[in-house]
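A structural walkthrough
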Amino acid sequence: MDELTRVVRDYVIREYLEEGDDREITETTPLISGGIVDSFSMVSLRRFLEKKYLIHIPDEAASPEAFDSVQNIVALVRRFQMAAPQNA
């Protein structure tokens, strides 16, 4: 597991699983459709990613599908990291 994947996975576990929730979060675990992340949580996750990785995720790219798994979130972040100015 690379660092970006680990950061996203750890954030989801820390912020969205209740204490004692023993569900395993993998790269492909359904987050939104699985009821782990809701629309409000998706906004806070988006802000976290934008601040941490100095990127901007446009509203049209911040779809429930884009945030429905760690794997999708990582792909989204990488897409906008490549689009961001190198000196950001």
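Residues numbered from 1 in each chain as written. Predicted model: local features only at pLDDT ≥ 70, side-chain atom pairs only at ≥ 80, totals over all residues. Heavy atoms only, no water.

A word on the nonpolar core
Looking at soluble globular proteins, one finds that nonpolar side chains tend to be buried together. Applied cut-off: Working definition of a nonpolar core: buried Ala, Val, Leu, Ile, Met, Phe, Trp, Tyr and Cys residues. They are joined through side-chain atoms within 4.5 Å. The classification of residues rests on relative accessible area computed with a 1.4 Å probe and restricted to protein chains. Under 20% of the type maximum is buried, over 50% is exposed, and intermediate values are partly exposed. A run of H or I in DSSP counts as a helix once it spans at least four residues, and a run of E counts as a strand once it spans at least two, with each numbered from the N terminus. Two residues form a contact once any of their heavy atoms are found within 4.5 Å.
Of all hydrophobic cores here, the largest spans 28 residues; its most connected members are Leu31, Ile36, Leu49, Ile57, Phe67 and Ile73. At the level of secondary structure, the elements contributing two or more residues to this core comprise helix 1 (3–16), helix 2 (39–53) and helix 3 (70–83). Apart from the residues lying within four places of it in its own chain, the contact partners of Ile73 are Val8, Leu31, Leu45, Leu49, Ala66 and Phe67.

Observations concerning unusual backbone geometry
Of note, Leu54 is a non-glycine position whose phi angle comes to about 50 degrees, a positive value. Exposure remark for Leu54: the relative accessible area of 52% places this residue in the exposed category.

Some words on the pattern of salt bridges
Where side chains of opposite charge bring their charged atoms close, a pairing between them can arise. Operational definition: Salt bridge, as used here: a side-chain nitrogen of Lys or Arg that lies within 4 Å of a carboxyl oxygen of Asp or Glu.
Inspection of every chain in the model, using the stated rule, returns six salt bridges. With its nearest N and O atoms 3.3 Å apart, the salt bridge here joins Asp10 to Arg9. Assessed through its relative accessible area of 23%, Arg9 is described here as partly exposed. The shortest N-O distance in the salt bridge between Arg46 and Glu50 comes to 3.6 Å.

Considerations on the confidence of the model for the protein
The following threshold applies: The predictor attaches a confidence to each residue, and that confidence, scored 0 to 100, is pLDDT.
In the predicted model, the protein carries a mean pLDDT of 93, and 95% of its residues have values of at least 70. Element-level mean pLDDT values for the protein span from 95 in helix 3 up to 97 in helix 1.

Section: the side chain of Arg46
Its location among the elements puts Arg46 in helix 2. Beyond its immediate chain neighbours, meaning those up to four positions away, Arg46 contacts Ile57, Pro58, Asp59, Ala62 and Phe67.

Looking at the environment of Val8
Mapping Val8 onto the fold places it in helix 1. Taking C-alpha positions, Val8 is 9.7 Å from Ser69, a pair spaced 61 residues apart along the chain.

What about the packing of aromatic side chains?
Rules: For Phe, Tyr and Trp, where Trp contributes only its six-membered ring, two rings pair if their centres lie within 6.5 Å, and the inter-plane angle classes them as stacked under 30 degrees, edge-to-face over 60, or tilted in between. Criterion for a charge above a ring: Lys NZ or Arg CZ within 6 Å of the ring centre, and within 35 degrees of the ring normal.
Inspection of every chain in the model, using the stated rule, returns two aromatic pairs. Relative to Tyr16, the ring of Tyr11 lies with its centre 5.8 Å away and its plane at 75 degrees, an arrangement referred to as edge-to-face. When its relative accessible area of 13% is taken as the criterion, Tyr16 is described as buried. Summarising the aromatic geometry, the rings of Tyr11 and Phe48 are spaced 4.1 Å apart at their centres and angled 15 degrees between planes, so their arrangement reads as stacked. Taken as a pair, Tyr11 in helix 1 and Phe48 in helix 2 lie far apart in primary sequence, 37 residues in all. The ring of Tyr53 has Lys52 lying over it, and the distance from NZ or CZ to the ring centre is 5.8 Å.

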